[in-house]
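# Secondary and tertiary structure notes
In case you want the letters, here they are:
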Amino acid sequence: MKLSVIVPVLNEKNTLEKVIEKLLTVDIPMDKEIIIVDDNSTDGSSQIMDSLYEKYKPVIKVIHKKQTEGKGNAIQSATPLITGDVVIIQDADMEYNIEEYRVLVKPFIEQTAEVVFGSRFMGKIEKMAPQNMIANRILTFLANFLYGLKITDEATAYKLIKADLFRKFKMQAKRFEFCPELLAKAALGKHKITEIPITYRARTVKEGKKIKWHDLITAINTLIRYRITGFKEN
Ligand SMILES: Nc1nc2c(ncn2[C@@H]2O[C@H](COP(=O)(O)OP(=O)(O)OP(=O)(O)O)[C@@H](O)[C@H]2O)c(=O)[nH]1
Ligand SMILES: [Mg+2]
């Protein structure tokens, strides 16, 4: 079995190398490939990526885009390159703990899940700003309400999904509405979401966090829109 790790990157020179080294060394009973998608970073991240590529190819693949088009678009660009059985999205900051891959991949190895979310609210949260806490609560409440679920963390970045299913989802999200879109499509297709507790240490806007208030509105719109329009996998 192989894990495809998609790493969207926009100006993450302080943490990128550490994230990739951790990904390469985390001990899981699966092969790995790491697909890094850079949106024309201007802080030197692109060069760091190129040297990582030279050092670790073919495990690492790198895509450089000419424009900054959002996290969701970056993930879409990576999708045709996926050769693994399971996909995980990995931010290039250190907000999440890569060691926890060991537990996150277990349901796939045991073949008990198609979709796994790492839940910060079942685990441990450090330093999350109050406005982000509120936004997370709103999105989780709305997701449960609209889709009849009982999940605890809609907006977690640690989303894992079988690659075949992921391709069927034909993701459209441009920015951070990737999360509600994936949740909506999983729920509409009656694919059970298995949650596993994880730990999370938030960074600040000053430290590079890029999500904005308007992303909350887009996320809410996305949850409502898919509830109304539905979605057919094919
Ligand atoms: N390629 C690319 N990556 C992006 C873009 N915007 C954000 N990212 C990356 O996406 C990841 C998440 O961005 P963050 O600013 O940490 O967002 P967050 O608040 O943690 O939001 P979540 O992804 O919902 O957890 C980071 O690795 C960013 O560098 C973009 O426009 N293009
Ligand atoms: Mg982040």
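In this report, we go over the structure that sits alongside the text. (Residues numbered from 1 in each chain as written. Chains lettered and ligands numbered in written order. Predicted model: local features only at pLDDT ≥ 70, side-chain atom pairs only at ≥ 80, totals over all residues. Heavy atoms only, no water.)

### What to know about the site of ligand 1
- Close to ligand 1 lie 22 residues; E12, K71, A92, D93 and K210 are nearest.
- L10 places a polar main-chain atom, nitrogen or oxygen, 3.0 Å from an oxygen atom of ligand 1.
- Contact between ligand 1 and K71: an oxygen atom at 2.4 Å from a side-chain N or O atom of the residue.
- Protein contact buries 96% of the 630 Å² of open area that ligand 1 shows by itself.
- Classifying every residue of the shell around ligand 1 gives ten nonpolar, three polar and nine charged. (Near = heavy atom within 4 Å. Polar contact = N/O pair within 3.5 Å; in protein donor to acceptor, adjacent residues only side chain to side chain. Areas by Shrake-Rupley, 256 points an atom, 1.4 Å probe, with all protein chains shown as cover. Nonpolar A, V, L, I, M, F, W, Y, C, P; charged D, E, K, R; others polar.)

### Quick word on helix α3 (residues 71–78)
- Where burial is concerned, most of α3 is hidden: six out of the eight residues are buried.
- For α3, the elements touching its buried residues are β1 (2–9), β2 (31–39), β3 (60–65), β4 (86–89), α7 (163–169) and α8 (178–188). (Buried < 20%, exposed > 50% of the residue type's maximum accessible area, 1.4 Å probe, protein only. Helix = DSSP H or I, 4+ residues; strand = E, 2+ residues; numbered from the N terminus. Contact = heavy atoms within 4.5 Å.)

### A look at the side chain of R120
- As for its placement among the helices and strands, R120 is situated in strand β5 (residues 115–126).
- Separated by 3.3 Å, the side chains of R120 and Y96 make a polar contact.
- Among all residues touching R120, those that are not within four sequence positions of it are Y96, I125, M128, N136, D153, A155, T156, I198 and Y200.

### Some thoughts on the packing of aromatic side chains
- One pass over the structure, following the stated rule, counts six aromatic pairs.
- An angle of 75° between the planes, with centres 5.6 Å apart, marks the rings of Y101 and Y158 as edge-to-face. Of the two residues, Y101 is situated in helix α4 (residues 101–104) and Y158 in the loop between α6 (130–147) and β6 (159–162); the sequence distance between them amounts to 57 residues.
- Residue class for Y101 comes out buried when judged on its relative accessible area of 1%.
- Between the aromatic rings of F169 and F231, the centroid separation amounts to 6.3 Å while the plane-to-plane angle is 90°, which identifies the pairing as edge-to-face. (Phe/Tyr/Trp six-rings, centres within 6.5 Å; stacked < 30°, edge-to-face > 60°.)

### Points about the side chain of K185
- Checked against the element boundaries, K185 lands in helix α8.
- On the basis of relative accessible area, K185 is assigned to the buried category, the value being 2%.
- In this structure the side chain of K185 is engaged in a polar contact, spanning 2.5 Å, whose partner is the side chain of E181.
- Once you skip the residues sitting within four places of it in the chain, K185 turns out to touch F169, K170, M171, Q172, H191, Y226, F231 and E233.

### A word on the pattern of salt bridges
- For the coordinates displayed, the defined rule picks out 19 salt bridges.
- For E54, the salt bridge goes to K57, with nearest N and O atoms at 3.1 Å.
- Where E126 meets K124, a salt bridge forms, and the shortest distance between an N and an O atom there is 3.4 Å.
- Ionic contacts of the salt-bridge type, sharing partners, join the residues E12, D93, R203 and K210 into one network. (Salt bridge = Lys/Arg side-chain N within 4 Å of Asp/Glu carboxyl O.)

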